[in-house]
Amino acid sequence: MAVLCRHRISIVVRIFGVIHDPQNRLTAAFGQAMAAAFGPDYAQADPLIKLSANPKFGDYQANAAMGLAKKLGENPRQVAQKILDHLDVDELAEKVDIAGPGFINVHLKTTYLAQQVQALASDERLGVAIEADKAKTVVVDYSGPNVAKEMHVGHLRSTIIGDTLSRVLAFAGHRVIRQNHLGDWGTQFGMLIENLLDAGVDASAQISDLEDFYRNAKQRFDAEEGFADRARKRVVALQGGDEPTLEQWRLLIAESKRHFNQAYETLGVILTDDDVRAESFYNEFLPSVVEDLKQAGLLVESQGAQVVFPDGFKNHEDEPQAMIVQKSDGGYLYATTDLAAARYRIEQLKADRVVYVTDARQAQHFGMVFQTLRDAGWAPPTVELDYVPFGMVLGPNRKPFKTRTGGTVKLIDLIHEAQERAGAVIREKNPDLSDDEQKNIASVVGIGALKYADLSSDRIKDYVFDWDRMLALEGNTAPYLQNAYVRIQSIFRKGEVDVASLDGVDVQVVEPAEKTLALKLLQFAGVVDAVALSLHPHRLCTYLYELASAYHGFYEKCPVLTAADEATRQSRLALSHVTARTLQQGLNLLGIDVVSRM
RNA sequence: GCGCCCGUAGCUCAGUUGGAUAGAGCAGCGGACUUCUAAUCCGCAGGUCGCAGGUUCGAGCCCUGCCGGGCGUACCA
């Protein structure tokens, strides 16, 4: 009985939640029509509802008839007609017709759009359903900087793509567990700790510039007599649990975390010490990873190392590619750690889905890790493993992004430059703002631009870093979206509108610009779900850009405060308010703030 | 050599499980401000979707082979 009740509630939530998107309504209606026309086997067939490319073809189109005709051995236009004969969309469509080879074009009623936008306006979640029965526990592995190394532009990608995906998954109703897989272990810590010990007591001062500190240690390791030997001994001491060595190691970690946390806070990235599960955390599990692989019959000794040969991977000799889990000297590698971490996430954290946000160069590594997890039965088929690769950041000449002198671009410098450049634009455009306001806006706009530039193109591609383009007020940029929000706030300020008074206001969709905006608003939930599924943040960006663009069009064509009559004025205020909320929520999912003037 | 990724307008990018005439922005040209912020909007122009085959009623998208670029390919991560 209890189970029945819970099931019922989740169904109700789902139907109530997704009802705002015409695409879902049409998919359901067409599915029923197809089942009625061709039998129950076709109830699950996808009617292929899409936005129409051209307004003359209506608002949405169903493209299933052509494919269906082939299967049924009938004329596609006749198939379309049969679907129409059983189709009931009177509530939302004013006209449905067949065109071309068998497209079914749907012209929506503006009254339906108005009613749905009104429903959206009273929905805190803007139509995004929480589907309790589909909610998963999702572990998202992102950021993962290295201790005692400065964060650079490469970490920015993992950090903000992972942060966005975490936010989207959480908003879509999943239980998200963030995991910051800090690089705090490995042979390089020998030289780092040795360098730190030589420097004396004031660790904080010594590693305030982590990049210098690391480079200095590396130089001494390569050049200085005896230093490399001491470093190697220090590694052994660290691995052996020597307390004075561990003390220095912890110092390095603590100091590094301070840097990371500062960057996260400035960037508005939701990562705290609670999310840190560093490499060293898995040390105690590594021997059992190897042992259990052996028990599973997957372990092979090769050239003195313990390896596995996951199916489907070849090396440069075109032979099976080995993945080393234990070196010939007994040490472990990142493959071992990644296997241990995955087991921990699945067994201890109860993950249904594990998402790895890592650069594209590690595709083969994760391919082999995933295959091994499957082969060993550690990741059952019910657990989804997602590798979320991303490309490199390139400079203007399409070479990896570097400083003018060829050095690594520090993340913190990048952030400061974004704030400064945004500040310069704001001072020019809006000189009346107070210093405090300017500074705050510059930070929100600058960091927003920096993040949005990274998120707005398909992550798999390398992207070209360009300050002028990301800070431009035209085109697919964060400032453009933020400005649409500002314009709406400006209307409310000027009209002294209390948005609370807009509750329950009748929405009217009359002008073409109003219809374009209304249609766009209703698509938000579908986009959020699509991103939660595909893990492609740029789709959300594209949507928000289209929404902002639709609002700017509306703004030009449809006076709000000076509308012809009070009902129109109220309706347009309501439309503006839902737009503002959608922009704000959408940007929030991207980890980007809004301001009320800029 | 083998594997993965990328190739769309001069530049930077979109293009939803194959759908109608491939879309934006920038740059170029031409318009709209005693304004709800012109930080915006409207119009014009700009394309052999790397090349060649194939599958299909229909291909930027799927398959095969090439070309070009990037990355990976055993004891780093």
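Residues numbered from 1 in each chain as written. Chains lettered and ligands numbered in written order. Predicted model: local features only at pLDDT ≥ 70, side-chain atom pairs only at ≥ 80, totals over all residues. Heavy atoms only, no water.

### Side note on the packing of aromatic side chains
Applying the stated criterion across every chain yields a total of 17 aromatic pairs. The interplanar angle of 65° and the centroid separation of 5.8 Å between the aromatic rings of Phe38 and Tyr42 together place this pair among those described as edge-to-face. Residues Phe38 and Tyr42 agree in their burial class; the two are buried. Between Tyr356 and Phe366, the ring centres sit 4.9 Å apart and the planes meet at 45°, which makes this aromatic pair tilted. Of the two residues, Tyr356 sits in strand β10 (residues 353-359) while Phe366 sits in helix α14 (residues 363-375), which places them ten residues apart along the sequence. Each member of the pair, Tyr356 as well as Phe366, is classed as buried. The lysine or arginine in question, Lys149, covers the ring of Tyr214, its NZ or CZ lying 4.7 Å from the ring centre. The side chain of Arg343 reaches across the aromatic face of Trp378, ending 3.9 Å from its centre. (Phe/Tyr/Trp six-rings, centres within 6.5 Å; stacked < 30°, edge-to-face > 60°. Buried < 20%, exposed > 50% of the residue type's maximum accessible area, 1.4 Å probe, protein only. Helix = DSSP H or I, 4+ residues; strand = E, 2+ residues; numbered from the N terminus. Lys NZ or Arg CZ within 6 Å of the ring centre and 35° of its normal.)

### A look at the environment of Tyr334
Along the chain, Tyr334 turns up in helix α13 (residues 334-348). Residue class for Tyr334 comes out partly exposed when judged on its relative accessible area of 47%. Counting along the chain gives 31 residues from Tyr334 to His365, while the straight-line C-alpha distance between them is 9.4 Å.

### Regarding the confidence of the model for chain A
A residue-level look at chain A finds 95% of positions with pLDDT of 70 or above and a mean pLDDT of 91. In the predicted structure, residues 1-18 sits below a pLDDT of 50 and forms eleven contacts with residues beyond four places in sequence or in another chain. Reported confidences for the modelled complex are a pTM of 0.94 and an ipTM of 0.96. (pLDDT = per-residue confidence, 0-100. Contact = heavy atoms within 4.5 Å.)

### Description of the packing of helix α19 (residues 512-521) against helix α22 (residues 566-589)
For the pair α19 and α22, the least separation of the axes is 11 Å and the interaxial angle reads 35°. Between α19 and α22 lies a crossing whose hand is left-handed. Contact residues: Glu514, Leu517 and Leu521 in α19; Arg572, Leu575, Val578, Thr579 and Thr582 in α22. Split into classes, the residues belonging to the contact of α19 with α22 amount to four nonpolar, two polar and two charged. (Axes fitted to C-alpha atoms, helices over the stretch in contact; angles between N-to-C directions. Left-handed = near helix turned anticlockwise from the far one by under 90°. Nonpolar A, V, L, I, M, F, W, Y, C, P; charged D, E, K, R; others polar.)

### Remarks on the sheet that holds strand β1 (residues 49-51)
Strand order in the open sheet formed by four strands is β1-β2-β4-β3, and the pairing between neighbours is antiparallel. Single-partner strands in this sheet number two, and they are β1 and β3 (93-99). Across the sheet, the mean angle from the axis of one strand to that of its neighbour is 25°, orientation sign disregarded. Direction of pairing for β1 relative to strand β2 (residues 60-62): antiparallel, over a ladder of three bridges. If you follow Leu51 over to β2, its bridge partner there is Tyr60. Relative to the sheet, helix α4 (residues 76-85) contacts β3 and β4 (103-108), its axis offset from that of β3 by approximately 160°. (Pairing = 2+ DSSP bridges.)

### Regarding unusual backbone geometry
Of note, Leu48 is a non-glycine position whose phi angle comes to about 55°, a positive value. Of note, Leu48 is situated in the loop between α2 (22-38) and β1. The phi dihedral of Arg398 falls on the positive side, at around 65°, and the residue is not glycine. With respect to the element layout, Arg398 can be found in the loop between β12 (393-394) and α15 (411-429). Overall, Arg398 belongs to the exposed group, its relative accessible area being 59%.

### Side note on the pattern of salt bridges
Throughout the structure, instances matching the rule amount to 32 salt bridges. Here Lys134 ties to Glu131 by a salt bridge, and the two come within 3.5 Å at their closest N and O atoms. For Asp359, the salt bridge identified is with Arg361, shortest N-O distance 3.0 Å. Since its relative accessible area comes to 18%, Asp359 is described here as buried. (Salt bridge = Lys/Arg side-chain N within 4 Å of Asp/Glu carboxyl O.)

### Describing the protein's contact with RNA strand B
In the region of RNA strand B, 65 residues are neighbours, and Lys56, Lys327, Leu473, Ser490 and Met598 sit closest. When atoms of RNA strand B within 4 Å of the protein are sorted by moiety, sugar and phosphate together comprise 60%. Separating a sugar or linking oxygen of RNA strand B from a side-chain N or O atom of Asn483 is a distance of 2.4 Å. The backbone of Cys558 places a nitrogen or oxygen atom 3.2 Å from a base nitrogen of RNA strand B. When residues of the surface near RNA strand B are traced back to their parent elements, those giving at least two are α3 (64-72), β4, β8 (305-308), β13 (463-464), α18 (478-494) and α21 (537-557). A total of seven residues in the surface near RNA strand B trace back to one element, the largest contributor, which is α18. Taken together, the residues of the surface near RNA strand B break down into 26 nonpolar, 19 polar and 20 charged. (Near = heavy atom within 4 Å. Polar contact = N/O pair within 3.5 Å; in protein donor to acceptor, adjacent residues only side chain to side chain.)

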